[in-house]
Amino acid sequence: SLSAGLDLPGRFLFAILTLMTLIAILVFIEEAVYIYRKIPSSKRSIIIWINAAAPVISTTSCIGMWVPRSTMFTDFTAGIFFAIVIHKFLMMMIKECGGQKVLLRRFENARFTISTGPCCCCCLCLPRVPITRQTLFWLKLGTFQFAVLRPVLIFLSIVLWTNGNYVLNNLSPKGPALWISCFIGALTLCALWAVGIMFRKVRILLKCKNIIPKFALYQFIVILNQLQTTIINIFATQKIIPCAPPLSSRARGSYIAQQLLIMEMFLITVISRVVYRRKYHDLEPPECVAEEPGDKKETP
């Protein structure tokens, strides 16, 4: 068994990380009960989904740490959940503005700036797009396609993997791993781009609802779960992370990524509880928002 092959410091580390995962789950359950009681039903499920991202990733990483052969399944489970959370975060910003109809009234003559990251941050020549039902539909489609297509591609990867055709280390053009990874990467960029466009427009309006810290936590989950894990796996594949018998380079890289994620997601879970637990006032009606600039000028 895995625990039999660990020395005393290794067992202590595994015990601490497992305890952190259990605490993160308990914190989330307590937070979910609070949200269910205090938050309006229209926002309740969305906020619970977003708060669940860090505990779910921490749990899948813990399972992968204790059962190394399950790593592919746990990574895929975390990936599917993460895809859904990206769509939920976009919907949360729309809900916090009062819903789609109220958002369209607030930004009746405004425009979306689409020259934003991660796709078009350098394309400053791109035109600004008017905020209409159609543009909102395309933004929601940008995240919804990721929530739908990523699970489908992950399921396809598992089927190919069980048949021996999908090998993560084999990135040759003839293998399916390269093409599936590139397609998932393109879908991810489109989904993150849609969220970035919406955030850039509503961040001032939703500043009173702490949207900036919420977006920062969401970005940390994106970077740590996607970018950090990918970099560590590349280092392990290229043997930059040395092997330590009985663990190969790839196994050590997987352990390092999982252990880092457990600690990082534990911190994000605790911080999310503080950020989302606060009581926020509802926004003023759109008619009052139009009068705010004049009121501010009169204030000494």
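Residues numbered from 1 in each chain as written. Predicted model: local features only at pLDDT ≥ 70, side-chain atom pairs only at ≥ 80, totals over all residues. Heavy atoms only, no water.

Some remarks on the overall build of the chain
Okay, so step 1: Broken down by element type, the chain carries 10 helices and 2 strands.
Okay, so step 2: Counting only residues that meet the buried cut, the chain has 44% of its 300 residues in that class.
Okay, so step 3: A fraction of 75% describes how many contacts in the chain between residues 6 or more apart in sequence connect residues 24 or more apart.
Okay, so step 4: Accessible surface, the chain as shown: approximately 16500 Å² in total, 68% of it carbon and sulfur. (Helix = DSSP H or I, 4+ residues; strand = E, 2+ residues; numbered from the N terminus. Buried < 20%, exposed > 50% of the residue type's maximum accessible area, 1.4 Å probe, protein only. Contact = heavy atoms within 4.5 Å. Areas by Shrake-Rupley, 256 points an atom, 1.4 Å probe, with all protein chains shown as cover.)

What about the confidence of the model for the chain?
Okay, so step 1: Within the chain, residue pLDDT values average 81, and 84% of them lie at 70 or more.
Okay, so step 2: Summarising per-element confidence for the chain, the mean pLDDT is lowest in helix H10 (residues 292-298) (41) and highest in helix H1 (residues 8-38) (89). (pLDDT = per-residue confidence, 0-100.)

Description of the state of the cysteines
Okay, so step 1: Within the structure shown, the criterion is met by 0 disulfides.
Okay, so step 2: Sulfur of Cys-97: no disulfide; nearest cysteine sulfur belongs to Cys-208 and is 9.5 Å away.
Okay, so step 3: On the accessibility criterion, Cys-97 (1% relative accessible area) is buried. (Disulfide = S-S within 2.5 Å.)

Quick word on the UniProt feature "transmembrane region" (unreviewed entry) in the chain
Okay, so step 1: Feature annotation in UniProt assigns "transmembrane region" (unreviewed entry) to the following positions: residues 12-34, 46-67, 73-91, 137-161 and 176-195.
Okay, so step 2: Each end of residues 137-161 is marked by a C-alpha atom, and these two atoms are 35 Å apart; helix forms 100% of the span and strand 0%.
Okay, so step 3: Annotated as 100% helix and 0% strand, the span residues 176-195 places its first and last C-alpha atoms 29 Å apart. (UniProt positions renumbered as here; feature names shortened; annotations may be inferred.)

Looking at empty space enclosed by the protein
Okay, so step 1: This structure, assessed with the given rule, holds 2 cavities of 30 Å³ or more.
Okay, so step 2: What the largest cavity holds in volume is close to 110 Å³.
Okay, so step 3: Of the residues assigned to the lining of the largest cavity, the class counts are 10 nonpolar, 2 polar and 1 charged.
Okay, so step 4: Reported here for the second largest cavity is a volume of approximately 30 Å³.
Okay, so step 5: In this structure, the second largest cavity is lined by Val-27, Phe-28, Glu-31, Asn-51, Thr-269, Ser-272 and Arg-273.
Okay, so step 6: Going through the elements one at a time, H1 and helix H8 (249-277) are the ones with two or more residues in the lining of the second largest cavity.
Okay, so step 7: Residue classes in the lining of the second largest cavity are distributed as 2 nonpolar, 3 polar and 2 charged. (1 Å grid on protein atoms, 1.4 Å probe; cavity = no way out; pocket = protein on both sides within 12 Å on 5 of 7 lines; lining within 4 Å. Points joined across faces, edges and corners; volume = space filled by probe spheres on them. Nonpolar A, V, L, I, M, F, W, Y, C, P; charged D, E, K, R; others polar.)

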